[in-house]
Each structure stands twice: as C-alpha cells, then as structure tokens.
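One letter stands for each residue in the lines below.
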Amino acid sequence: YFWADTFFAWSNKEFDEFCEMYKDFKLPFWCQTRVETVTHERIKKLKDIGLHMLAFGMEHGNEEFRRKVVKRNYSNKLAIELMKIPEHLDITFSVNNIIGFPGETRELAFDTIELNRHFKSDDTSCSVLIPFHGTEIRTLAEEQGLITKDSILTIGNSAEAGVLDMPQWPKEEVAKLRNTFAMYVKFPKDRWPEIKKAEEDKEVHAKLSREFIDTYWSHRDDDLREAVKGLF
C-alpha cells in the first residue's frame, strides 16, 4: 500500500519513472488519489504494472458546498465520468467520503450519498470530519464557535460522532448517518425507510449489516486469492 494523499500529484516525468521502475516487481498494490486527478492513461499504466485497488477521496457530493467549504472545484458530472474509468479497466476501487463539516446539514450529506450512487465502487467509506490545526476547515469551525482554538485533535477523535456539535445537526445524529452511509449508497432506494429505522434500532442495523456483507463483500476472499496468485 503506497501511502500518499494523491498518488497522481507527480509530474508526468516522475510518474513514468515510477512505472518504469515498478514494472520489474509487479507486486499487486493499492494507492489513493483525488477524483479529479484521474486519467485513463495513468490508470492503464498502473494496471499494467500491478495496480490492484484504487481509493478515491471525494469528500462531498454537493457542488457548491464542496467548492466553498471543502475547496474542491469540480462538477459532479465530471466525477461521474471519471469514476467510469476504473470500472471500464476492471480495477477494484473505493470512494472515501466525509460528513459533519461546519455548516453541513443532513440534507447536504444526502447529496453525497446521491452522488455515490452513480458509482459502481467496490467500497464506500464514510468518516466524520476532524478539523485539524492548520486547515481552513479548522478556522471555519472556530469562527462558528464549534471548537475552541486550544483543542488538540487526533485521528482517534473520529470515533463515530466526531467533535463538532452543530445546532442544525448534532454529532449524535451525524454518527447515525455515518453508521448507515454505505447502506444508503448501495441498497435500492425502496429500502431507505428500513435503513432509517436502522439508524435508531441496533437489531435492525445488525440485520442489514449482515445482508450488506453477504451481498456486497462476499467476493473478498476470491479477490485476495487473485491478488497474490503467482507470488508464492
């Protein structure tokens, strides 16, 4: 697993040098990048040298909110088009999302769910925002009185509810959506009333979780065997 926030931030020269070097190894690998950096040519090159899985940071599905708050300026139409590339190249991929931004509402978070429903991703993750020092999001949270300037945060703060308790969307409610986010994305919309019940009812949540795993994760062992084929 290559740990880099955006694997495609390299120049063309650096990218080509990596591909030239790594083709001698071809060990299956996983890397991550941002949605708007995707190109067919680059993903094809990585597939040829062993790419097994890609993780994409998408963060938010409302274009205006994403541009103003998250500082990601691309259209949903472009995102949908680009996410077809790994699908066409038969590359396993996941889409990473964040909820609980300063000023966000449940309705805005559902824009993120709706956008994810356009992707045939193998995985859909959802994290609750942690506003670290040195980021514009942190400054915004402080300006809105959602966190004090001397609060020190770590990844561990992300637990389920995060740290921002917003009047329009309390952190306990944010946690409920986080815990059912992938269900809303993957299950048909006629199951949404049942998923809403799962936000409150642990037994319903456990039942849907088992169904989700059986339906969408049953291929995992086969994928792993394929990834290591020929290595031992």
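Preceding block: the structure.
Residues numbered from 1 in each chain as written. Predicted model: local features only at pLDDT ≥ 70, side-chain atom pairs only at ≥ 80, totals over all residues. Heavy atoms only, no water.

> Outline the overall build of the protein, supporting the account with residue identities and numerical values.
Of regular secondary structure, the protein possesses twelve helices and four strands. By the compact-globule yardstick of 17 Å for 232 residues, the protein fits well, its C-alpha radius of gyration being 19 Å. Along the first, second and third principal axes, the C-alpha atoms of the protein reach 55 × 40 × 35 Å. Taken over 232 residues, the protein has a buried fraction of 44%. (Helix = DSSP H or I, 4+ residues; strand = E, 2+ residues; numbered from the N terminus. Rg over C-alpha atoms; globule rule 2.2 N^0.38 Å. Buried < 20%, exposed > 50% of the residue type's maximum accessible area, 1.4 Å probe, protein only.)

> How would you explain helix α1 (residues 12-22) if you had to name every residue and give the values?
Buried residues of α1: Phe15, Phe18, Cys19 and Tyr22, and no others. Projected down its long axis, α1 carries its buried residues within an arc of 95 degrees, all on one side. Where the residues of α1 are buried, they touch β1 (29-34) and α2 (40-48). (Arc of directions from axis to C-beta. Contact = heavy atoms within 4.5 Å.)

> I'd love a proper account of the side chain of histidine 60, names of residues and values included.
Residue placement: histidine 60 occurs in the loop between β2 (51-59) and α3 (63-70). Once residues lying within four places of it in the same chain are set aside, the contact partners of histidine 60 are Phe65, Arg66, Val70, Ile98, Phe101, Glu104, Leu108, Ala109, Thr112 and Leu115.

> An account of the pairing of β2 is needed here, citing residue identities and associated values.
Counting buried residues along β2, eight of its nine residues qualify, which places the element largely inside the surrounding structure. As defined by bridge partners, β1 adjoins β2 across six bridges and the pair is classed as parallel. Bridge pairing in β2 places threonine 33 opposite phenylalanine 56. As a crossover connection, the stretch from β1 through α2 into β2 is right-handed. (Pairing = 2+ DSSP bridges. Right-handed = clockwise from strand over helix to strand, strands pointing away.)

> Which residues make up the packing of helix α6 (residues 106-116) against helix α10 (residues 192-200), and what are the values?
The packing of two helices is summarised by the inter-axis angle and the distance between the axes. Running from amino to carboxyl end, α6 crosses α10 at an angle of 125 degrees, the nearest separation of the two axes being 16 Å. Taken together, the axis directions place α6 and α10 in an arrangement best described as oblique. Seen from above, α6 lies across α10 with right-handed handedness. Of α10, the residues touching α6 (which contributes Arg106, Phe110, Ile113 and Glu114) are Trp192, Lys196 and Glu199. (Axes fitted to C-alpha atoms, helices over the stretch in contact; angles between N-to-C directions. Parallel < 35°, antiparallel > 145°, perpendicular 65-115°, else oblique. Left-handed = near helix turned anticlockwise from the far one by under 90°.)

> I'd like to hear about the packing of aromatic side chains, residue by residue, with values.
Tallying each qualifying case throughout the model produces 20 aromatic pairs. Taken together, a centroid distance of 5.9 Å and an interplanar angle of 65 degrees make the contact between phenylalanine 187 and tyrosine 216 edge-to-face. Separated by 29 residues along the polypeptide, phenylalanine 187 in the loop between α9 (181-186) and α10 and tyrosine 216 in helix α11 (residues 202-216) bring together distant segments of the chain. Of the residues examined, phenylalanine 187 reaches a relative accessible area of 2% and is grouped as buried. By relative accessible area, tyrosine 216 is classed as partly exposed at 24%. Three or more aromatic residues joined by ring pairs form one cluster here, namely Phe2, Phe8, Trp10, Phe15, Phe18, Tyr22, Phe25 and Phe29. (Phe/Tyr/Trp six-rings, centres within 6.5 Å; stacked < 30°, edge-to-face > 60°.)

> I'd love a proper account of the sheet that holds strand β4 (residues 123-128), names of residues and values included.
An order of β1-β2-β3-β4 is seen for the four strands of this open sheet, with the pairing classed as parallel. The sheet is open, and its two edges are formed by β1 and β4, each paired on a single side. The mean angle between the axes of side-by-side strands here comes to 25 degrees, regardless of whether they run parallel or antiparallel. Of the strands in this sheet, β1 and β2 touch α2, which is tilted by about 145 degrees from β2.

> Describe the environment of phenylalanine 93, listing the residues and the values that go with them.
Looking at the element boundaries, phenylalanine 93 is found in strand β3 (residues 92-99). On the basis of relative accessible area, phenylalanine 93 is assigned to the buried category, the value being 1%. Considering only alpha carbons, one finds phenylalanine 93 and phenylalanine 25, 68 residues apart in sequence, at a separation of 22 Å. The residues touching phenylalanine 93, leaving out its near neighbours within four places in the chain, are Met53, Leu54, Phe56, Met83, Pro86, Glu87, Lys120, Ser121, Asp122 and Asp123.

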